[in-house]
Amino acid sequence: MIHPIPSGTRDVLPDETREVRAITATLLSVFERHGYGEVYTPALEYESVLARADMAEAQPAYRVFDESGAVLVLRSDMTVPIARVVASRYASSEPPLRFCYFAHCYRGVRPQRGQPRELLQAGIELIGAPAPHGTAEALTVLCHALDATGLKDYRIGLGDASLFPALMASLRVPEELRPTLLDSLVLRDFVGLEQALAESGLAGEAIELLLSVPQRRGGPEILAGAPAEADSAVTGLRQVHELLERAVADRVILDLGLVRNIGYYTGAVFEVYDPALGAPIGGGGRYDELLGRFGRQLPAVGFALGVDRLHIALAGEERGTGALLAREMSGGRT
Amino acid sequence: MTPINGLTIAVPRGALFGDTVDLLAGLGLDTEELSKNDRKLLFEDIGVITMRPSDVPTYVEAGAADLGVTGKDVLLEQGGRAHNPLDGGREVYELLDLGYGRCTMVLASKAGPDPAAEALRRLGVMRVATKYPRIAAHHLEETGRQAEIVEVKGSVELAPLTGMVEAIVDLTATGTTLRENNLVVREEIVVCTARLIANPVSHKLKAAAIDDLLTRLRGTAPARERESAGRETAGA
């Protein structure tokens, strides 16, 4: 007899579990070697507590009432619960604090897109280590962890969440227009951005900068010609890049247009790409103000990898197939 | 024959096909077989896959193609939830307005006194048939009207003529089909043109190839817009 389970969830059977466990065990050994201790937190949290963070897209999607009528949510990421843990359980500990986790998180889905409601995330949080050194450490751990799993062709996109807002401020973009422009960028809609700018009445030079800067991506050479208006973010990116060991730096694609759709990021943000998958495997960034919202003002940085996506990418690389891979090979053949 | 800059492009069959093939030919792609053979789907040697326009975002989002051409109507219809402006729907970059395939999403009803307005006044709700339920629902919600959206797959003009609904939301280029069915445009919702979209991972990993293509397209797109203005096209 077949008993259904909710769409976007699944049972994981021994063959797959064995492979997933091998990946998480590898990740854990790298995280631990770098001094990150594993934590568990409850899957259910008080809505009122998680609401302290600005989650934007990653807003919790599932709510239940407990026996006393309090609203509980299923966590949608691990960064916010760990911020809560640090404020409540490590209120007077000397930073930096290093945590790692392997945990299921819960997201809402759009129908018929094959999106998961329940996803296994593996990640770290480095609390109390400011930019640029903290960011460089997180990127280093990320690369060492991915290298250890055997993933070969991945790249890290590195940008700064404060860059575009700073650019808009220094170019005197009217306050009321700024959210529209930023939304276009978050939605990856350069046509919408161009149209909004064309109607903005801004000077031609300012429009040109606001359109071209977020499309700059590549090696450290793209920082050289960056406009003075984006100086502090660009300087920050350069500092991080200079701190990276060679093998990590070679993986990095600097991307002045990278924005992640989670409200709590304040500085450097990054995403992991692999040609075997059409979507990022994971990502992270600096959230220097989130801990303050929970009562302990500490700069922080972290990342989360989608374990299932990493698994798909590894399998794709192994087979020499996958989203962008198969075609690169056929392209090379002709 | 080789793909443009090593990129795979999802090309829409149907109304946008001719202009898209011309565009690719203008970039130096050998499109002879592509325009001749309308049964073949995969043109591996030139890096082209063909499909209906509404499938283009699906293939590009999954990374089965690096780039794709589709109508803004398709992107809007597959977009996010209306109440969350940051929920963008498909995870693809919208890189360029290609200018062709220009048409307008309209709300239309039978000529004469507007039956939709009357239904709204007397019954508090209007029935609207459409192939674009999300765009229709979003527009009516934004303008504060109660509507019952009826999704149809075929000729939507039939629905108001049979009395099943009071109005339709549909795409029109010249308005000919509407006029022939005694329907008049009551509201223009949004103008839609063909868009170049990109997979988010390709956009980073193949940045130079995509940017070079964009630069070349920016040189040709405005000319094409004038050429194709007024041509009867629709994205779906």
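Rules of the game
Residues numbered from 1 in each chain as written. Chains lettered and ligands numbered in written order. Predicted model: local features only at pLDDT ≥ 70, side-chain atom pairs only at ≥ 80, totals over all residues. Heavy atoms only, no water. Helix = DSSP H or I, 4+ residues; strand = E, 2+ residues; numbered from the N terminus. Buried < 20%, exposed > 50% of the residue type's maximum accessible area, 1.4 Å probe, protein only. Contact = heavy atoms within 4.5 Å. Rg over C-alpha atoms; globule rule 2.2 N^0.38 Å. Areas by Shrake-Rupley, 256 points an atom, 1.4 Å probe, with all protein chains shown as cover. Lys, Arg positive; Asp, Glu negative; His and termini not counted. Charge placed at Lys NZ, Arg CZ, Asp CG, Glu CD. Salt bridge = Lys/Arg side-chain N within 4 Å of Asp/Glu carboxyl O. Phe/Tyr/Trp six-rings, centres within 6.5 Å; stacked < 30°, edge-to-face > 60°. Lys NZ or Arg CZ within 6 Å of the ring centre and 35° of its normal. Domains from an automatic or database assignment. Buried area = accessible area lost by both parts, 1.4 Å probe. Pairing = 2+ DSSP bridges. Axes fitted to C-alpha atoms, helices over the stretch in contact; angles between N-to-C directions. Expected span 1.5 Å × (residues − 1). Arc of directions from axis to C-beta. Polar contact = N/O pair within 3.5 Å; in protein donor to acceptor, adjacent residues only side chain to side chain. Left-handed = near helix turned anticlockwise from the far one by under 90°.

Check the secondary structure of chain B and you find ten helices and eleven strands. The buried share of chain B, taken over its 236 residues, is 50%. Here the contacts in chain B between residues at least 6 apart in sequence split such that 73% fall between residues at least 24 apart.

Check the secondary structure of chain A and you find 14 helices and twelve strands. Compactness check: chain A gives a C-alpha radius of gyration of 21 Å against a globular reference of 20 Å for 334 residues, within 12% of the reference. Projecting the C-alpha coordinates of chain A onto the three principal axes gives extents of approximately 65 × 60 × 40 Å. Counted over contacts in chain A with a minimum sequence separation of 6, partners at least 24 positions apart contribute 70%. Of the roughly 15000 Å² of accessible surface on chain A, 53% is carried by carbon and sulfur atoms. A distance of 3 Å separates the average location of the 32 positive side-chain charges in chain A from that of its 43 negative side-chain charges.

All names here are of chain B. In total, this model carries 28 salt bridges over all chains according to the counting rule given. For the salt bridge of K40 with E33, the shortest nitrogen-to-oxygen distance reads 3.1 Å. Here K40 falls in the partly exposed class, since its relative accessible area comes to 28%. Take E33: its relative accessible area is 34%, and that puts it in the partly exposed class. Through salt bridges with shared partners, a single ionic network connects K72, E94, D97 and R195.

Attention now goes to the packing of aromatic side chains. The description of an aromatic ring pair rests on the distance of the ring centres and on the angle between the ring planes. Residues and elements named next belong to chain A. If you walk through the whole model with that rule in mind, you get six aromatic pairs over all chains. Note on F31 and F303: the rings are 6.0 Å apart at their centroids and 65° apart in plane angle, and the pair reads as edge-to-face. Here the residue F31 occupies a position in helix α1 (residues 14–33), and F303 occupies one in strand β12 (residues 300–306), the gap between them amounting to 272 residues. F31 gets classed as buried once you look at its relative accessible area, which sits at 0%. Classification of F303 by relative accessible area gives buried; the value is 2%. One aromatic cluster is present, formed by F31, F102 and F303 through successive ring pairs. Cation over ring: R98 sits above Y36, and NZ or CZ is 5.9 Å from the ring centre.

Right, let's talk about the domain arrangement of chain A for a bit. Residues and elements named next belong to chain A. The domain architecture assigned to chain A consists of domain 1 (11–156 + 260–334) and domain 2 (162–258). For domain 1 and domain 2, the distance between their C-alpha centroids amounts to 25 Å. Tallying the contact residues gives 23 residues for domain 1 and 13 residues for domain 2. Taken together, both faces of the contact between domain 1 and domain 2 bury some 1500 Å²; the carbon and sulfur share is 62%.

Residue and element names in this part refer to chain A. Of all six residues in strand β7 (residues 155–160), five are buried, a share of seventy percent or more. Where β7 meets strand β10 (residues 268–273), six bridges bridge the pair, whose relative direction is antiparallel. Looking at β10, one finds that R155 is bridged to Y273. As judged from the three bridges shared by β7 and strand β9 (residues 252–255), these two strands associate in the parallel manner. Residue pairing across strands places L158 opposite L254, the latter belonging to β9.

Moving on, we come to the sheet that holds strand β7 (residues 126–130) of chain B. By definition, the strands of a sheet pair up through backbone hydrogen bonds, in either a parallel or an antiparallel sense. Residues and elements named next belong to chain B. Strands sit in the order β8-β7-β9-β6-β10 across an open sheet of five strands; the sheet is mixed. The sheet is open, and its two edges are formed by β8 (147–151) and β10 (183–192), each paired on a single side. Between one strand axis and the next, the sheet turns through 25° on average, direction left out of account. When β7 meets strand β9 (residues 167–172), the two strands line up parallel, connected through three bridges. The partner of V128 across the bridge, within β9, is A167.

Residues and elements named next belong to chain A. If you trace the three strands from one edge of the open sheet to the other, you get β2-β4-β3, paired in antiparallel fashion. Looking at which strands have only one partner, the edges of the open sheet turn out to be β2 (44–46) and β3 (63–65). Taking the axes of each pair of neighbouring strands and ignoring which way they run, one obtains an average angle of 40° across the sheet. Here β2 runs beside strand β4 (residues 71–74); their pairing, made up of three bridges, is antiparallel.

All names here are of chain A. Spanning 13 residues, helix α10 (residues 231–243) covers 18 Å between terminal C-alpha atoms, matching the ideal 18 Å at 1.5 Å per step. For α10, every residue scored as buried is listed here: A233, V234, L237, V240 and H241. Angularly, the buried residues of α10 cover 125° about the axis, an arc narrow enough to put them on a single face. Exposed residues lying more than 90 degrees from the buried face of α10 are S232 and E242. Tucked into the core, α10 has its buried residues touching α4 (133–149), β7, α5 (163–170), α9 (221–224), α11 (246–249) and β9.

Moving on: the side chain of D73 of chain B. Its place among the elements puts D73 of chain B in helix α4 (residues 72–77). Among the polar contacts listed, one links the side chain of D73 of chain B to the side chain of Y132 of chain B, at a separation of 3.5 Å.

A few words now on the interface of chain B and chain A. The partner chain A presents 33 residues to the 42 residues of chain B that form the contact. At the junction of chain B and chain A, the tally comes to four salt bridges. In this structure, K204 of chain B engages D255 of chain A in a salt bridge whose closest nitrogen and oxygen atoms are separated by 2.7 Å. Along the contact surface separating chain B from chain A lie nine residue pairs in polar contact (both at pLDDT 80 or more). Counting residues per element, the side of chain B that touches chain A draws most heavily on helix α9 (residues 200–205) of chain B, which supplies six residues.

Now for the packing of α1 of chain A against α4 of chain A. Residue and element names in this part refer to chain A. In contact at an axis separation of 9 Å, α1 and α4 are set at 140° when each is read in the N-to-C sense. In the crossing of α1 with α4, the sense of the turn from one axis to the other is right-handed. Residue-level contacts link I23, T26, L27, V30 and F31 of α1 to V141, H144, A145, A148 and T149 of α4.

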